[in-house]
Structure formats: structure tokens, C-alpha cells
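Chains, contacts and geometry: an overview
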Amino acid sequence: MATKRNFPLTTPGLAYEKNSLYFEGISLEKLAQTHPTPFYVYGQSTLMANFQEFLGEAQMAGLQNPLVCFALKSNPNKELLKLLANEGSGADIVSGGELKRALEAGIPGERIVFSGVGKIEPEIELALLKGVYSFNVESIEELELINTVAKRLNKTARICFRLNPIVKAKTHKFIATGNKTHKFGLIQGDIKKAIKTPKFWTHSKLVGLSVHIGSQLMDLKATGKAVKILGELGRSLPETPEFLDVGGGLGVAYSPDEIKKRPEISTYMQLVARGLEESFYAHYKQRPKTRVVFEPGRRIVANAGVFVMKVLRQKVSDDQRFTIVDGGMNDMMRPAVYGAHHEIVPVKKPASSKKVDTHVVGPICESTDCFAQRQLPPFKSGDLVVLSDAGAYGYSMGSNYNLRGRPLELLVEGDKGIRVVNKAQPYEDLL
Ligand code: LLP
């Protein structure tokens, strides 16, 4: 199985057939003949399987009436959202734009939670008019503003405090959110004080508590702690909360050696169930109807998408080799911003096992526009390569930097084949 060791595939939809790479049954070579590179391609089948596993495992673990609110920031593609909406998904949003997108995709207000430290008045107004399930409040001033806007509109805002549990999540420091130095959430003392301040509650009602301590979590120790702190605070509230929201953050395997380290969804759900049982449900004589809300993004969509690029040319400078591809950090920022690892897989399986040390770089005028430096086959101009596990925080973090266009997004819809699901600004239109 030498080839398997050469190109272990972390994305379940990828497979070689006759030495050519397919994604969910579609030949990527053929796809690149009919669609301009670079492009993202997503797989309906993996997306649906991930969502169903998430929801199913929550139910299996005995979590009460779970609501899975997909984090739009990870991938707000409308067609993907429509598929999730049909499965009963809700949405975790952080802007008015995301609110509109979720509604357009058919996710009703009563399945939408609105997080974020910088909500502005027009967004709050729209969210109130659309009847969002909760405002996940991150500061006292925000609470005051929501109450004021609700008064003006003669509405009652559904409030959830986002708790900052002061725990240390083991992940990249840019994506940890649950400690005191982070801007997110409110510490317990401030939540308790706010609850006792009548002026905040004339047009607002406390309905829940939430916590989100970070993203790409492979070690769930801090998650377990945060869930317990959430449950303890929950049972100390004057009224039993309608829901407890445990956020998102579950990690995925970006490289083959991470596959074993990746926590199973079932393990995660059992941890949440046990944590809430001990800290919350067990303390009531009559079991409360409090439901559990989740905000996963990455775990639902990361491995349901890949980014396909074409090799433009090679350049060898003394002992350094550069493989220049047509995708850039404006299309896929994760390696440039977090030094994130994504597997780079050749679409045509190389005949020989020869590898060279190369920097895989894009066209952007920044040295950080580099997808990887590693041992890869000696690619040549015109070769196609795939950046694996690119479905989350790929397109959504992209920009027009260097006045480049935005890549196409394609969807493999099982037997129905392939469909362009976003051609907002194909590169060719700019030329
Ligand atoms: N809920 C809240 C309040 C969040 O801030 C986030 C992510 C999520 C849920 C979803 O987390 P997930 O399940 O996807 O880990 N751009 C970074 C990730 C930033 C995450 C921001 N917040 C990356 O590419 O790794």
C-alpha cells in the first residue's frame, strides 16, 4: 500500500480511480476541464452525513431536544445552508449579513442564535423583527442596547448570556475564546449582577446561557470544565433556563496522524451529557425541560469540501523550490493566518514515488501566501492539486486582496452530479 502512505486522504469524499482523483464520484480532472481553477467543491453526501451524525449522537447521548445551530461563519454558502435547513439545522450567526443569509436559506428565526461582541443597532433591530431564538449577549452595554431597541419596537428580546468560563482551551492561540484575556463573553459575577438589575429587563427576558471556548479542539478537557461551569451557573438562575448552549469547537483531522487524535462526536456528546447531568439536571427535583443547543461549524463542513488549484509553474532558486499555484491566500487564508496544515494531494497520481522539498505558493504579493513547505511530487505546469479539508473557513474567509476575483463554488449532489452554487465573481470576469 505504498501509494496509500504517499497520499493518505483525510477527506472522506476523495478517492483515486485509475490513478486519477475523484471527489464524491466526480473526476476532478474532468471538472477542471469545464470549470476555471481555482475552485471549491463541496460534497452533499459528506455534509449530510456529518450533520446527521452530530444530531444523531446528541440524541443518542440522551441530550434533551437538541438544537444544532450551524455556525455560518465556517461556510455561509446558501445552497449548503438550504440542505442543512432541510435537516432541521438552526444557525449561529454573528452579523446582519449572516442573519439575512440564514433566513434566505430557509432557517427560521426561532432556530437562530446571534453571537458576537460588536452587534450594531440595525442588526439588533432586524434580529428582533425576525424573532431570533436568542441574542447571545457578550457585554452589559450590549444588553442595555438590546433592551432599548426592543422597547422602541415594542418587542421582548430573548436574552442568553455568553459565559466566559475562564478556562484554557488547548488550540491555536488565535482561535481560543474562553479565557479572561479574550474579548468574548461575560464573567459569572457580571452576569449575576446584570440579572439583578431591573432596568435591563423591561423589554428583555433571560432564556438561556451559552459558552464557546474555542475552535479546532482536539483535547476536550477544557470543554468538559466549561460545560460544568455553564450547568452550575444555569441552576443558580432565578428561573430555570429554556436552554443551555454549549457552543461549537469540535476539531477535525487535517492530517492523517490527526485522525486517531480527533475526538469522536459520540465521545463529545457523552462528555456534554455527563457534564450537564452532574452540574445541572440532577439538581432539580423534577427534571427541567431545558434543551441543549450546539453551534458547530468546522466539524460539519470542513471535510465536506476541497479547494482545487492548478500548478502554474515551478521555480528553483539555488536550493529552494517553489511550486506556484493559481490559488492564493485570498482564496484560502488558513495556512497564511494560522500556519494551518492542509494536505496537498495530486489529482493525477504520480507514477513514481519521488518527492522534492517545495514551497507551494500562490500569486499574492506576500511571503505568507504559502500553503505549505513539504515533500511533494515534482509537479509541473498544468498539474492539478487539491487542498484537503477546505470546506470550513475557506471561501468564507476569502477576499479580493490584490484585486483578485473570488473562486467558484461547486456542489456534488449525489447522482444529480455537479452544480455551480456560487459564481459571484469568477476570475475570468475580471480579465
Ligand atoms: N460559536 C461561536 C460563538 C464561534 O465564535 C465559533 C467560531 C463557532 C461557534 C464555531 O466553531 P467551530 O465549530 O467551527 O470550531 N477561522 C478559524 C476559526 C475561527 C472560529 C471562530 N468562531 C480557522 O480557520 O480555524
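All values reported here derive from a predicted model rather than from experimental measurement. (Residues numbered from 1 in each chain as written. Predicted model: local features only at pLDDT ≥ 70, side-chain atom pairs only at ≥ 80, totals over all residues. Heavy atoms only, no water.)

Turning our eyes to something else, we now look at the confidence of the model for the protein. With 97% of its residues at a pLDDT of at least 70, the protein reaches an overall mean of 95. Counted against residues more than four places away or in other chains, residues 1-5, with its pLDDT under 50, gives one contact. (pLDDT = per-residue confidence, 0-100. Contact = heavy atoms within 4.5 Å.)

The sheet built from three strands is open, its strands ordered β1-β2-β3 with antiparallel pairing. The sheet is open, and its two edges are formed by β1 (14-17) and β3 (26-27), each paired on a single side. Sheet topology note: the strand β2 (residues 20-23)/β3 ladder contains two bridges and is antiparallel. Across the sheet, the residue bridging to Y22 is S27, located in β3. (Pairing = 2+ DSSP bridges. Helix = DSSP H or I, 4+ residues; strand = E, 2+ residues; numbered from the N terminus.)

Moving on, we come to the packing of helix α3 (residues 44-60) against helix α10 (residues 265-279). In the contact formed by α3 and α10, the axes pass within 9 Å of each other and the chain directions differ by 40°. Taken as axis vectors, α3 and α10 run oblique relative to one another. Considering only the axes of α3 and α10, their crossing is right-handed. For the pair α3 and α10, the contacting residues are E53, F54, E57 and A58 in the first and I265, S266, Y268 and M269 in the second. Of the residues assigned to the contact of α3 with α10, the class counts are five nonpolar, one polar and two charged. (Axes fitted to C-alpha atoms, helices over the stretch in contact; angles between N-to-C directions. Parallel < 35°, antiparallel > 145°, perpendicular 65-115°, else oblique. Left-handed = near helix turned anticlockwise from the far one by under 90°. Nonpolar A, V, L, I, M, F, W, Y, C, P; charged D, E, K, R; others polar.)

The next thing to look at is the pairing of strand β19 (residues 408-412). Summarising burial for β19: five of the five residues are buried, a large majority. Residue alternation in β19 divides its side chains into two sets, L408, L410 and V412 and E409 and L411, and both sets are buried. Relative to β19, strand β4 (residues 39-43) runs parallel, the two being bridged by five bridges. Residue pairing in the sheet places V41 in a bridge with L410 of β19. Sheet topology places β19 next to strand β20 (residues 418-422); four bridges connect them, and they run antiparallel. Within β20, the residue paired with E409 across the bridge is N422. With antiparallel pairing between neighbouring strands as the criterion, β19 and β20 make up a hairpin whose turn holds five residues, including G414 at a positive phi of roughly 55°. (Buried < 20%, exposed > 50% of the residue type's maximum accessible area, 1.4 Å probe, protein only.)

Neither face of β2 is exposed, since S20 and Y22 on one face and L21 and F23 on the opposite face are all buried. Linking β1 to β2, which pair antiparallel, is a turn of two residues; within it K18 sits at a positive phi near 45°. Linking β2 back to β3 in an antiparallel pair, the connection comprises two residues, with E24 at a positive phi of about 45°.

Glancing now at the site of the ligand. Taken together, 19 residues lie around the ligand, and S215, E295, R334, Y338 and Y393 are the ones closest in. At 2.6 Å, a side-chain N or O of E295 approaches a nitrogen atom of the ligand. One nitrogen or oxygen atom from the main chain of G297 is found 2.9 Å from an oxygen atom belonging to the ligand. Expressed as a share of its isolated accessible area of 580 Å², the protein-covered part of the ligand is 92%. (Near = heavy atom within 4 Å. Polar contact = N/O pair within 3.5 Å; in protein donor to acceptor, adjacent residues only side chain to side chain. Areas by Shrake-Rupley, 256 points an atom, 1.4 Å probe, with all protein chains shown as cover.)

Here the focus is the pattern of salt bridges. In this structure the tally under the stated criterion is 19 salt bridges. Here R419 and E79 are joined by a salt bridge, their closest N and O atoms 3.2 Å apart. Taken as a pair, R419 in strand β20 and E79 in helix α4 (residues 78-86) lie far apart in primary sequence, 340 residues in all. Where D219 meets K170, a salt bridge forms, and the shortest distance between an N and an O atom there is 3.5 Å. Here K170 lies in the loop between β9 (157-162) and α8 (188-195) and D219 lies in the loop between β10 (204-210) and α9 (221-235), a separation of 49 residues in the sequence. (Salt bridge = Lys/Arg side-chain N within 4 Å of Asp/Glu carboxyl O.)

Take unusual backbone geometry next. Cis geometry marks the peptide bond from T37 to P38; its omega dihedral reads -5°. Mapped onto the fold, P38 is located in the loop between α2 (28-34) and β4. Unlike most non-glycine residues, Q216 shows phi in positive territory, near 55°. Positionally, Q216 belongs in the loop between β10 and α9.

What characterises a pair of aromatic rings is the spacing of the ring centres plus the angle enclosed by the ring planes. This structure, assessed with the given rule, holds twelve aromatic pairs. Relative to F294, the ring of F54 lies with its centre 5.5 Å away and its plane at 85°, an arrangement referred to as edge-to-face. Placement of the pair is F54 in helix α3 and F294 in strand β12 (residues 291-294), with a sequence separation of 240 residues. You'll find F54 and F294 in the same group, each marked buried. For R287, the ring lying beneath its charged end belongs to Y281, and the centroid distance is 4.1 Å. (Phe/Tyr/Trp six-rings, centres within 6.5 Å; stacked < 30°, edge-to-face > 60°. Lys NZ or Arg CZ within 6 Å of the ring centre and 35° of its normal.)

The next thing to look at is the nonpolar core. F135, F161 and F294 are the most contacted members of the largest nonpolar core, which totals 97 residues. Other than its neighbours up to four places away in sequence, F161 contacts V137, L143, L186, I191, A194, I195, W201, L206, G208, L209 and S210. Membership of the second largest hydrophobic core comes to 20 residues, among which are F23, I26, L31 and L408. (Core = buried A, V, L, I, M, F, W, Y, C linked by side-chain atoms within 4.5 Å.)

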